[in-house]
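# Report on the structure
Here's the letter readout for the chains.
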Amino acid sequence: MNTSCTECGAELAVPNDAIVGEIVSCKDCSTEYEVAEISNGNVLLKPAEQVGEDWGE
Amino acid sequence: MTGRTESIEDSLEVRAFNKFPIAIVRGKGSVVWDSAGTEYIDFMSGIGVALVGHCNDSVLAAIRDQSERLITCHGSYYNDARADFVERLVRCAPRGLERALLTNTGTESVEAAIKLARRKTARKKVVSMKGGFHGKTLGALSATWNRKYRDPFGPLLGGFEFAEYGDPQSLDSVVDGDTAAVLAEPIQGESGVIIPPADYFRQVREVCDRKGALLIFDEIQSGLGRTGRMWASEHWGVVPDMMTVSKGLGGGLPIGAALATPEVAESLKGGEHTSTFAGNPLSCAAGSATLDFIAKNDLPGQAREKGEYMKAALSKIASGHRLAREVRGLGLMLALQSRVDIHSQLLSAQSKGLITAYSGRDTFRFLPALTIDRDQIARGLEMLEGAIGEEEAARV
């Protein structure tokens with residue numbers, strides 16, 4: 001399943017067997033999305049929440 | 001229950017870290033204990049710092065001995081512990097990197113390398129990689145990709161651009177006659193243990209040579225045997241013009257270095273880049289003991305052998321769990337990427353007795369001490385699998 005990144009417009013590839021909660025990243029700008037809902041073969045993405053804990057190393 | 005340690009840190013420290021609810025007070029080898037005496041297998045080792053294990057006996061002996069002789073000595077004076085250390089460091093460095101600019105941390109090593117590159121070439125631009133992480137001081141931060149680290153602190157240094165990691169054509173299009181250096185991790189750590197295509201760094205070397213840019217390898221996380229070779233660059237047979245190293249270098253004490261060829265090093269004049277604590281005798285003594293331990297115990301070989309075991313075990317876990325996406329890594333620099341957010345799995349693993357690092361929201365990152373034993377690996381992975389299984393059951 002393909003859709004577009006809302007940040008940079010690049011193609012976002014969503015696995016055909018995606019599950020709710022799956023993290024999908026834009027390969028161009030690294031924006032992260034989460035699968036919010038799957039209904040009738042359609043996938044609804046929402047922006048993934050900012051990671052709280054992060055050591056960044 | 002919040003203890004005294006947690007209360008004091010929460011009320012008096014600047015909240016630079018978002019903390020897990022555990023106070024770690026003791027460590028030995030690949031095991032740490034919290035303030036309640038609970039034992040944890042440590043797959044994180046302070047993000048790769050406890051490379052030779054927590055409180056390594058050889059390092060402790062060196063620290064004790066040196067602490068009774070001299071702890072601090074400004075760099076404007078010679079010192080025997082510092083001399084012993086730089087001799088060892090240069091001896092094990094990639095061919096040609098015969099000069100060491102000592103620092104205290106990884107990010108400082110990167111700052112030093114950037115300054116040396118600009119000083120040597122008289123060029124301004126630094127090209128680093130998308131997905132790369134080099135530190136959070138302003139120069140290193142300017143070369144670090146993740147915008148959540150950069151955006152709150154602009155304006156950053158000018159002259160920094162990014163190329164696609166693993167894509168030599170992208171690099172060729174970004175590097176030009178004003179590029180002082182190309183800066184890259186041989187294996188990207190913070191991005192989730194990303195290994196480039198086999199021929200990539202040979203082509204990076206060619207681009208740098210053709211365009212007159214210096215090649216800087218950031219081996220702060222991947223170096224010192226972690227990936228199964230002393231330096232990760234050895235996997236591809238590419239020698240850089242500079243290399244940064246830190247994390248495990250001091251056996252737990254803070255120390256770092258920017259290694260360079262004599263030609264690059266000689267461009268720096270005395271007094272242009274100094275540090276109060278860099279090259280202090282205590283850290284240097286710990287560093288010498290660490291390098292000796294790595295060599296004597298063939299830690300690169302141990303990382304290779306135990307890494308193969310751990311990666312195979314991780315792959316078996318991944319194949320049995322639909323939440324697992326991919327296993328990656330070399331030696332004991334490994335990752336398991338999940339399909340979902342792993343926060344609850346991390347907490348679950350902690351409750352079972354496993355501490356591990358992570359990358360972003362969906363990847364477990366494993367950087368155990370290279371001295372970890374197979375039984376500890378097996379027990380830790382059992383706890384990890386339990387956490388993954390619970391998450392899977394909850395999502396059915």
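Okay, so let's go over this structure. Keep in mind that this is a model prediction, so the values were computed, not measured. (Residues numbered from 1 in each chain as written. Chains lettered and ligands numbered in written order. Predicted model: local features only at pLDDT ≥ 70, side-chain atom pairs only at ≥ 80, totals over all residues. Heavy atoms only, no water.)

Let us look at the overall build of chain A. When you go through chain A residue by residue, the secondary structure sums to zero helices and five strands. Along the chain direction, N to C, the helices and strands of chain A fall in the order β-β-β-β-β. When the 57 residues of chain A are sorted by exposure, 32% land in the buried category. For chain A, contacts bridging at least 24 residues in sequence account for 15% of all contacts bridging at least 6. Summing over all exposed atoms, chain A offers an accessible surface of approximately 3,400 Å²; the carbon and sulfur share of this is 42%. (Helix = DSSP H or I, 4+ residues; strand = E, 2+ residues; numbered from the N terminus. Buried < 20%, exposed > 50% of the residue type's maximum accessible area, 1.4 Å probe, protein only. Contact = heavy atoms within 4.5 Å. Areas by Shrake-Rupley, 256 points an atom, 1.4 Å probe, with all protein chains shown as cover.)

Residues and elements named next belong to chain B. With respect to the helices and strands, the residue His134 is situated in the loop between β5 (125-129) and α6 (138-142). In this structure the side chain of His134 is engaged in a polar contact, spanning 2.7 Å, whose partner is the side chain of Asp218. For His134, the residues in contact, after removing those within four places along its chain, are Thr107, Val110, Ser128, Ala140, Ala143, Thr144, Leu183, Ala184, Glu185 and Asp218. (Polar contact = N/O pair within 3.5 Å; in protein donor to acceptor, adjacent residues only side chain to side chain.)

Bringing the packing of helix α3 (residues 57-67) of chain B against helix α11 (residues 281-296) of chain B into the picture now. Residues and elements named next belong to chain B. Closest axis-to-axis distance for the α3/α11 pair is 8 Å, and the angle between their directions is 155°. Compared by their axis directions, α3 and α11 come out roughly antiparallel. The crossing of α3 and α11 is right-handed. Contacts from Ser58, Val59, Ala62, Ile63, Gln66 and Ser67 in α3 reach Pro281, Leu282, Ala285, Ala286, Ala289, Thr290 and Phe293 in α11. (Axes fitted to C-alpha atoms, helices over the stretch in contact; angles between N-to-C directions. Parallel < 35°, antiparallel > 145°, perpendicular 65-115°, else oblique. Left-handed = near helix turned anticlockwise from the far one by under 90°.)

In this section: the interface of chain A and chain B. Of the residues lining the interface, 21 residues belong to chain A; the matching set on chain B comes to 29 residues. With both chains or domains summed, chain A and chain B bury close to 2,300 Å², and 47% of this area falls on carbon and sulfur atoms. At the boundary of chain A with chain B, the tally comes to four salt bridges. Here Glu22 of chain A ties to Arg339 of chain B by a salt bridge, and the two come within 2.9 Å at their closest N and O atoms. (Buried area = accessible area lost by both parts, 1.4 Å probe. Salt bridge = Lys/Arg side-chain N within 4 Å of Asp/Glu carboxyl O.)

All right, on to the packing of helix α4 (residues 80-92) of chain B against α11 of chain B then. The axes of two packed helices give the description: the angle between them and the distance between them. All names here are of chain B. Contact geometry for α4 and α11: axes closest at 8 Å, N-to-C directions at 35°. For the element pair α4 and α11, the recorded crossing hand is left-handed. Contact residues: Ala81, Arg82, Asp84, Phe85, Arg88, Leu89 and Cys92 in α4; Pro281, Cys284, Gly287, Ser288, Leu291 and Asp292 in α11. Tallied by class, residues from the contact of α4 with α11 come to seven nonpolar, two polar and four charged. (Nonpolar A, V, L, I, M, F, W, Y, C, P; charged D, E, K, R; others polar.)

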